[in-house]
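Structure assessment
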Amino acid sequence: MVNVKKSYPAPKCLAEEKKKKNGDYKCGNVLERLKNDFKNKCYICEYKCPSTINVEHFVPHRGDKELKFDWVNLFWACGHCNNTKSDKYDNILNCTNSEHDLVNWIRYEMKPFPKEKVNITALRDDEIVKNTAQLLDAVYNGTTPLKKMESSNIRKSVLDEIMKFQAILYEYCFEASHPEEKNECLKHLERHLKTSSPFTSFKRWIIRENKELKKEFEQFFD
Ligand SMILES: [Zn+2]
């Protein structure tokens, strides 16, 4: 989970749809706006271009029209995460709230192949941070037998991304000798550490845990 900026003002159609008996909160350009704001990533697991997309109500609306049509409350999630979160986690960190310092409050670690496991650690003793860490743990490691399989697929994608990222880091640190080669690596590393990249949190934590890398690459965290 990384911080994202929601675009404003809210799509006009939401206010119109709210007045109707069976209004649709996926009206007008709502989907396009959410896709852009969330960089087409599930806001929970950070899967890029998910094949199942849910417009999620961050605070479940339970029939409340204000919450149902509130632009602030509409998020972009994959089916797996939306389903895992359901009504069970309603007090979690909000990635669109810049005061919620996601990269510093939750630590991400991928234990690599062959028995890959994701470790998520809450770094603050707050209920909201602990709840979020629990949700992320459930998302990446699974709860039911079916969800465990879905989580395993997500972890494989995380691992693919981390391996690509580390290969470029390796090239930058040990193999690239000419300035042009170093610059080429830097461009890729910058792209990997941006919010729009898949599974950014894992890659940022690889950087954060190494003093030298942190000094050099933390500037790329947007
Ligand atoms: Zn997801």
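Residues numbered from 1 in each chain as written. Predicted model: local features only at pLDDT ≥ 70, side-chain atom pairs only at ≥ 80, totals over all residues. Heavy atoms only, no water.

1. So, the environment of Ser-197
- Counting through the fold element by element, Ser-197 comes out in the loop between helix H8 (179–193) and helix H9 (200–208).
- Non-local contacts of Ser-197, meaning those with residues more than four positions away in its chain, are made with Lys-41, Glu-161, Arg-191, His-192 and Lys-203.
- Only 2.9 Å separates the side chain of Ser-197 from the backbone oxygen of His-192, close enough to count as a polar contact. (Helix = DSSP H or I, 4+ residues; strand = E, 2+ residues; numbered from the N terminus. Contact = heavy atoms within 4.5 Å. Polar contact = N/O pair within 3.5 Å; in protein donor to acceptor, adjacent residues only side chain to side chain.)

2. A word on the domain arrangement of the chain
- In terms of domain boundaries, the chain breaks down into domain 1 (13–85) and domain 2 (102–220).
- Placing a centre on the C-alpha atoms of domain 1 and another on those of domain 2 gives a separation of 26 Å.
- Between domain 1 and domain 2, the residue contacts involve 12 residues of the former and 18 residues of the latter.
- Together domain 1 and domain 2 conceal approximately 1300 Å² of surface at their shared face, both sides included; 63% is due to carbon and sulfur atoms.
- The largest share of the area that domain 1 buries against domain 2 comes from Glu-46, His-80 and Thr-84, three residues that together contribute 42% of it.
- Applying the counting criterion to the domain 1 and domain 2 interface returns zero salt bridges.
- At the junction of domain 1 with domain 2, the criterion picks out 12 residue pairs in polar contact (both at pLDDT 80 or more).
- Class assignment of the residues belonging to the side of domain 1 that touches domain 2 gives a composition of four nonpolar, three polar and five charged. (Domains from an automatic or database assignment. Buried area = accessible area lost by both parts, 1.4 Å probe. Salt bridge = Lys/Arg side-chain N within 4 Å of Asp/Glu carboxyl O. Nonpolar A, V, L, I, M, F, W, Y, C, P; charged D, E, K, R; others polar.)

3. Comments concerning the nonpolar core
- Counting residues in each nonpolar core, the largest one holds 48 residues, and the members touching the most others are Tyr-43, Ile-44, Tyr-108, Tyr-140 and Phe-202.
- In terms of residues, this core owes the most to one element, helix H6 (residues 127–141), which gives seven residues.
- With residues up to four places along the chain from it excluded, the contact list for Tyr-108 reads Met-1, Glu-46, Asn-119, Ile-120, Leu-136, Tyr-140, Ser-201, Phe-202 and Trp-205.
- In this structure, Ile-168, Leu-193, Phe-217 and Phe-220 belong to the second largest nonpolar core, which totals 13 residues. (Core = buried A, V, L, I, M, F, W, Y, C linked by side-chain atoms within 4.5 Å. Buried < 20%, exposed > 50% of the residue type's maximum accessible area, 1.4 Å probe, protein only.)

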